[in-house]
Amino acid sequence: MNNNKAKNPWQERFGWYHYDSKSIYKFTDEDFDKAAKKYRDAGITTIILFGAHFRFSYWAYWDDIVNFIVRFTDACHRYSMKVIEHHSSHLTYQPISENDWVKLLAPASGNAYYKDFRETSQSNPTFDVAHLDDFAQIDGSTGKPALSSYIHTEGKDVHWVFKHYNGHAHCFNNPAYENAYWKHIKDIVQKAHVDGIMNDDVQWFGGGNACACKYCRAKFKEETGYDLPYPDKWAEFFEHYEKPEYIAWKKFKKKSSGDFHRRMDAYYKSIGFYPMRPAYCAEVIPFDTTCYGFESASELWDYIFQECCGIIRYSYVCFAGEAIHRYAMAKRKGVPSMALMYPATKDSMYASWALCRSWGQMYTGTGGIGSELYDKPYRDFEKIYGKYLDAPEKKPDISFYFSESTRDYSDKDAPQKFMKPFMSYLESAYVTGLMCDMVFCSDAVETFSASPAIAAVSVAMIGDAEIEKLRSYAENGGRLMLLNSFAMKNDDGTFRSLNEGLEKLGVCSRLVKKQYEGSEQFCFEGKKHVFTAASSEYILDAYGTVIAQGEDGEVLAVCEAIGKGEVIIHPGDVSDNPIQPAVWPRGNTPVDASAIPEMKATNGKLLTLCLNSRRIEHDQEDLLTTIYETGEATIIHLVNTAGMLPEMDSFGTIKDPIPAFCDGANKMPEFLIHLNDYGRIPSSAELVTPESERVTLIPCHLNENTLVLHIPEKTFSGYALIILK
C-alpha cells in the first residue's frame, strides 16, 4: 500500500462526517457521491469519520460498517479527498438504567436500523477462543469488570466530577482483545483503503481503579518488580502517593497505553500501511486520571490537536490555554497543531476558525449528522494566505514550565492544589495579551533559552536534573519566575526539605514558614502596583532585591541575580487563582460571569510586572492579538472577543450569537498597535480578512525601536490578519 501521509501537512483541511445506521443501510451511490461532493465544495481535503463509535458494541454489524466505509472512501477518493477512520478502540455500551436504553434506541440515536441492537450489543460473542466479556478491564477494588467511569475536573473551582460512559472498557494488555481488534482494523484497511486511522479512547477506567486483570498483574510485576494488590488490600494502595508502588502503577498504565499504540503502528507497517494518525485530547493541563496514551505515544501522531468540548462562546479562554500546550507539544514533534471545535452556527464557525488560527493552529470543526458546512470562505482564505498561516513560529514573551510529574504523581488533589494556579496564570497571561509558549522537562536548556522568561507555577514535584536545567537557563541570561509552590517533592515522590529546591537553584534567599494575608506592595524595575488581597504560607529571608512587601514590611517576593540572569521568587498568591473554565453544553446551561477582569488585574498584572518587556501592545479592551514569524513575514492575528463572555451569571446555549462574528456586526474603530523592539519599517504592511476581498494598506512609523501600526476604522469586525513583509 502507499504511504498516505500528506506532503505538506499544514495544507490539509479536515472535516468530520457523522454517519449512522440509516447511512449504512439506506445510502445509494448517489447519496455517497452527494456527501463527498459537499465536502469537496466546502474546501475539505480530508474527512474523519464518526459512526458506530463504541465499535465492539457493533460487532454484529462489522461487515456492514466496513462496507459503508468502503463505499464512502471510494466516493471521497473520486474527489481526491482522503478518509480517516475513527472510533473508540475499546468501549462498549452497558447502560445502567432503562432511561439510558430509551436514548440509545431512539431514532435520533442513529441505531434504529441496526436489527436487534439491544440484544446483540449486550451479548457475549466469541472472538477466536475468547469471549467479549473476557476482554474487560478489571476494577482492582472489586475484582470485577470495571465500569467505564472516570473522574475529571470541572468549573472555576476545578472540583472533581464523576463521569461514566454507560459501559465497560477492554484491556489493552489482553492479547485476545488486541487480536480481535486488529482483525477488525485490518479488514477496514485492506478493503476500504482508508488513508488514516484514529484509535480513540486508549484509556484506563473504573474510576482510576483499572486495570487489575491477570495480564496487567503479570506485566506490572515483570516491568516494575511490584505486586498489584487484590481487593482486600486495595484501599491501602490506591491513591497513596507516598508509596512508590502506586506511582509505579500509574506510570505503568501510561506506558501501557502508549505501548498499545506502538504495537498498532507495527501492525500497520506489517501490511505495508503507513496511515495518517491524528490524535486529540480534550484536556491535558488539569489531569490525566485515565493515563491516556496521547502524550506517551506522541511520537506517532501526524497531527496533535485538542477536542474543544464546551460552548465555544463561553469556553474559548480555557481552549486557548490548552492550545498553548498543543502548539508546544506539536512543535517538539515537527507536526501541525490543530483544534476540533463544535460550531452550531455560521458565526460560531467563523469565531472558531479565527481563534484556532490565532493560536498558531489548524482548524477542524464538526456538528453532527446533517449539520451545515460553513467552511468555504475560510478555506478559500487559507488557500490565498496559507504561506502566512502555516508552520508559524512563536517569539514568546513568556513560557510556562509544564510539569507532568506534578500533575500525575504529586498528590491526589493536584488539580486543585497545583494545576489550577498553573491554568490561572496561563489563561491570565493570554487574556492580558502576552505571547505565551510552553516548555517541558524533556527540553534542552537551549530550548528554554528561546524564551526571555519562564514561569514555573506550582511545580511541586521536580527532579534534580530538571532543577539543574532551570538553573542553567537563568545563569545563561534567562528570567526564571517561581510562583507559588516549588520543588516540594523529588521526582520519586519523596518530600524535600523546605529550601532544598532553592538551594539547588543556586539562590541564597530562603523561605520562612509564616502565614500572611493582606495587601502586597510590588515594586520592580520602576513599575509599582498594589495587590489588595495577597496571601502566602511563607515570607522570605531575602538575598537580592526585595520586590514585594506586606503591610508590615514582610518580604513577599525577591529578585536574585544568578549568573547572567535572575530568579524571581514569589511564593504567595495575589488572588484565588481565577480561571475561565470550559462550559459544557447541557441545554440551557448556567454560565458564570466572566473572570477576565480579575485575571487581568491579578495574575496577569503580576506577570506583566515581572517581565522586562512585551512584544505587542494596544488599547482595545476586547481585542486579542498574537504574533508569529513565518518564512515570508511577521504576522499578527487580531480576534475581537467583545461580548463573548457575560458580565453576570446567566444561561447560554450553543446557538447564542457571537457578536463580532455575525453578519452585519459593527466594525472595529481606528486604533494603534505597538510592536516593541521591532526596529524597522516593513517593506509593506497589509491587513486582510475573510470579511472582505480588499487588502488594506496599514500606515506605520517607528517610535525609537517600536513599530507603530495605524489600523484604519471599519476594516473588520471579527478577525483580521496583518502581514508585515
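A. Just the overall build of the protein chain, in detail. Scanning the protein chain for helices and strands turns up 19 helices and 34 strands. Rg of the C-alpha trace for the protein chain: 26 Å, near the compact-globule value of 27 Å for 725 residues, within the 12% margin. Projected onto its principal axes, the C-alpha coordinates of the protein chain cover approximately 75 × 70 × 45 Å. The proportion of buried residues among the 725 residues of the protein chain is 61%. Looking at the protein chain alone, contacts between residues at least 24 apart form 76% of all its contacts between residues at least 6 apart. Averaging the locations of the 77 positively and 98 negatively charged side chains of the protein chain gives two centres separated by 4 Å.

B. Quick look at the packing of aromatic side chains. Evaluated as defined, the whole model comprises 64 aromatic pairs. Seen in terms of ring centroids, Tyr246 and Trp249 are 6.3 Å apart; in terms of plane orientation they differ by 45°. Their pairing is tilted. Pair noted here: Tyr246 and Trp249 are both in helix α9 (residues 244–270), with a separation of three residues, about one helical turn. The class of Tyr246 is buried, set by a relative accessible area of 3%. Residue class for Trp249 comes out buried when judged on its relative accessible area of 0%. Through pairs of rings, three or more aromatic residues link up here, namely Tyr25, Phe54, Tyr58, Tyr61, Tyr93, Tyr114, Phe117, Tyr150, Tyr165 and Phe205. A cation sits over an aromatic face here: Arg217 above Tyr230, 3.7 Å from the ring centre.

C. Structural context of the pairing of strand β2 (residues 46–50). Extensive coverage of β2 is indicated by the burial of four of its five residues. Summarising the sheet, strand β1 (residues 14–18) and β2 pair through five bridges and their orientation is parallel. In the strand pairing of β2, Tyr17 is matched with Leu49. Pairing geometry for β2 and strand β3 (residues 82–88), over three bridges, is parallel. Directly across from Ile47, in β3, lies its bridge partner Val83.

D. Fine view of the side chain of Thr706. Mapping Thr706 onto the fold places it in strand β33 (residues 706–711). There is a polar contact of 3.2 Å between the side chain of Thr706 and the side chain of Asn676. In contact with Thr706, not counting residues within four places along its chain, are His674, Leu675, Asn676, Asp677 and His701.

E. Quick look at the sheet that holds strand β31 (residues 692–697). Taken in spatial order, the six strands make up an open sheet running β14-β26-β27-β34-β30-β31, and their pairing is antiparallel. The sheet is open, and its two edges are formed by β14 (393–394) and β31, each paired on a single side. Bridge count between β14 and strand β26 (residues 623–629): two bridges; the pairing is antiparallel. In the strand pairing of β26, Glu393 is matched with Glu629.

F. Structural detail: helix α11 (residues 346–358). An ideal rise of 1.5 Å per residue puts 18 Å on 13 residues; α11 measures up with 19 Å between its terminal C-alpha atoms. Along α11, 12 of the 13 residues are buried, which leaves the element largely enclosed by surrounding structure. Of all the residues in α11, the buried ones are Asp347, Ser348, Met349, Tyr350, Ala351, Ser352, Trp353, Ala354, Leu355, Cys356, Arg357 and Ser358. Looking one or two residues beyond α11, the residue adopting positive phi is Gly360, at roughly 80°.

G. Seen up close, the sheet that holds strand β17 (residues 453–461). Spatially, nine strands are ordered β16-β15-β17-β18-β23-β22-β21-β19-β20 in an open sheet, and the strand pairing comes out mixed. The strands lining the two open edges of the sheet, one partner per strand, are β16 (436–440) and β20 (527–541). Across the sheet, the mean angle separating the axes of adjacent strands is 30° when strand polarity is ignored. Against the sheet, helix α16 (residues 464–475) engages β15 (398–402), β17, β18 (479–489), β22 (555–562) and β23 (565–570), with an angle of about 165° to β18. Helix α19 (residues 603–610) rests against β15, β18, β19 (510–524), β20 and β23 of the sheet, and its axis sits at about 95° to β20.

H. Molecular detail of the nonpolar core. Formed by 70 residues in total, the largest nonpolar core has its most connected members in Leu638, Tyr719 and Leu721. The element contributing the most residues to this core is helix α10 (residues 312–333), with nine residues. One finds Ala279, Tyr303, Ile398 and Phe524 within the second-largest nonpolar core, a separate group that totals 68 residues.

I. Geometry of the pairing of strand β8 (residues 159–169). In this structure, strand β4 (residues 91–93) lies alongside β8, joined through three bridges in antiparallel fashion. Residue pairing in the sheet places Thr92 in a bridge with His168 of β8. Relative to β8, strand β7 (residues 147–154) is paired through seven bridges, and the arrangement is antiparallel. Each bridged residue has a counterpart across the sheet, and for Glu154 the counterpart in β8 is His159. Hairpin connection, β7 to β8: the antiparallel pair is bridged by four residues, and Gly155 has positive phi, about 85°.

J. Focus on the pattern of salt bridges. Tallied over the full model, the rule gives 45 salt bridges. One network of salt bridges, with partners in common, ties together Lys254, Asp288, Glu295, Glu404, Arg407 and Asp408.

K. Region of the structure containing the packing of helix α6 (residues 175–192) against α9. The N-to-C vectors of α6 and α9 enclose an angle of 45°; their axes lie 12 Å apart at closest approach. In terms of orientation, α6 lies oblique with respect to α9. The interaxial crossing formed by α6 with α9 has right-handed handedness. Touching Tyr177, Glu178, Tyr181, Trp182 and Ile185 of α6 are Phe260, Arg263, Met264, Tyr267 and Tyr268, all from α9. A per-class count over the contact of α6 with α9 returns eight nonpolar, no polar and two charged.

L. Layout of unusual backbone geometry. Ala210 connects to Cys211 through a cis peptide bond whose omega is 10°. Residues other than glycine seldom take positive phi values, yet Asn166 does so here, at roughly 55°. Looking at the element boundaries, Asn166 is found in strand β8. Since its relative accessible area comes to 16%, Asn166 is described here as buried. With a phi close to 50°, Cys291 is a non-glycine residue in the positive phi region. Here Cys291 is to be found in the loop between β10 (278–281) and β11 (303–307). The class for Cys291 is buried, based on a relative accessible area of 3%.

M. Quick look at the state of the cysteines. Enumeration over the complete set of coordinates arrives at zero disulfides. Left without a disulfide partner, Cys356 is nearest to the cysteine sulfur of Cys308, which lies 6.4 Å away. The buried category is assigned to Cys356, whose relative accessible area is 0%. Unpaired in this structure, Cys441 has its nearest cysteine sulfur neighbour in Cys291, at a distance of 16 Å. The class of Cys441 is partly exposed, set by a relative accessible area of 35%.

N. Structural view of the side chain of Asn490. By secondary structure assignment, the location of Asn490 is in the loop between β18 and α17 (500–505). For Asn490, a relative accessible area of 15% corresponds to the buried category. Polar contacts involving the side chain of Asn490 include one to the side chain of Arg496, which spans 3.1 Å. Excluding anything up to four places from it in sequence, Asn490 contacts Met461, Ile462, Asp464, Phe495, Arg496 and Glu500.

Cut-offs applied
Residues numbered from 1 in each chain as written. Predicted model: local features only at pLDDT ≥ 70, side-chain atom pairs only at ≥ 80, totals over all residues. Heavy atoms only, no water. Helix = DSSP H or I, 4+ residues; strand = E, 2+ residues; numbered from the N terminus. Rg over C-alpha atoms; globule rule 2.2 N^0.38 Å. Buried < 20%, exposed > 50% of the residue type's maximum accessible area, 1.4 Å probe, protein only. Contact = heavy atoms within 4.5 Å. Lys, Arg positive; Asp, Glu negative; His and termini not counted. Charge placed at Lys NZ, Arg CZ, Asp CG, Glu CD. Phe/Tyr/Trp six-rings, centres within 6.5 Å; stacked < 30°, edge-to-face > 60°. Lys NZ or Arg CZ within 6 Å of the ring centre and 35° of its normal. Pairing = 2+ DSSP bridges. Polar contact = N/O pair within 3.5 Å; in protein donor to acceptor, adjacent residues only side chain to side chain. Expected span 1.5 Å × (residues − 1). Axes fitted to C-alpha atoms, helices over the stretch in contact; angles between N-to-C directions. Core = buried A, V, L, I, M, F, W, Y, C linked by side-chain atoms within 4.5 Å. Salt bridge = Lys/Arg side-chain N within 4 Å of Asp/Glu carboxyl O. Parallel < 35°, antiparallel > 145°, perpendicular 65-115°, else oblique. Left-handed = near helix turned anticlockwise from the far one by under 90°. Nonpolar A, V, L, I, M, F, W, Y, C, P; charged D, E, K, R; others polar. Disulfide = S-S within 2.5 Å.

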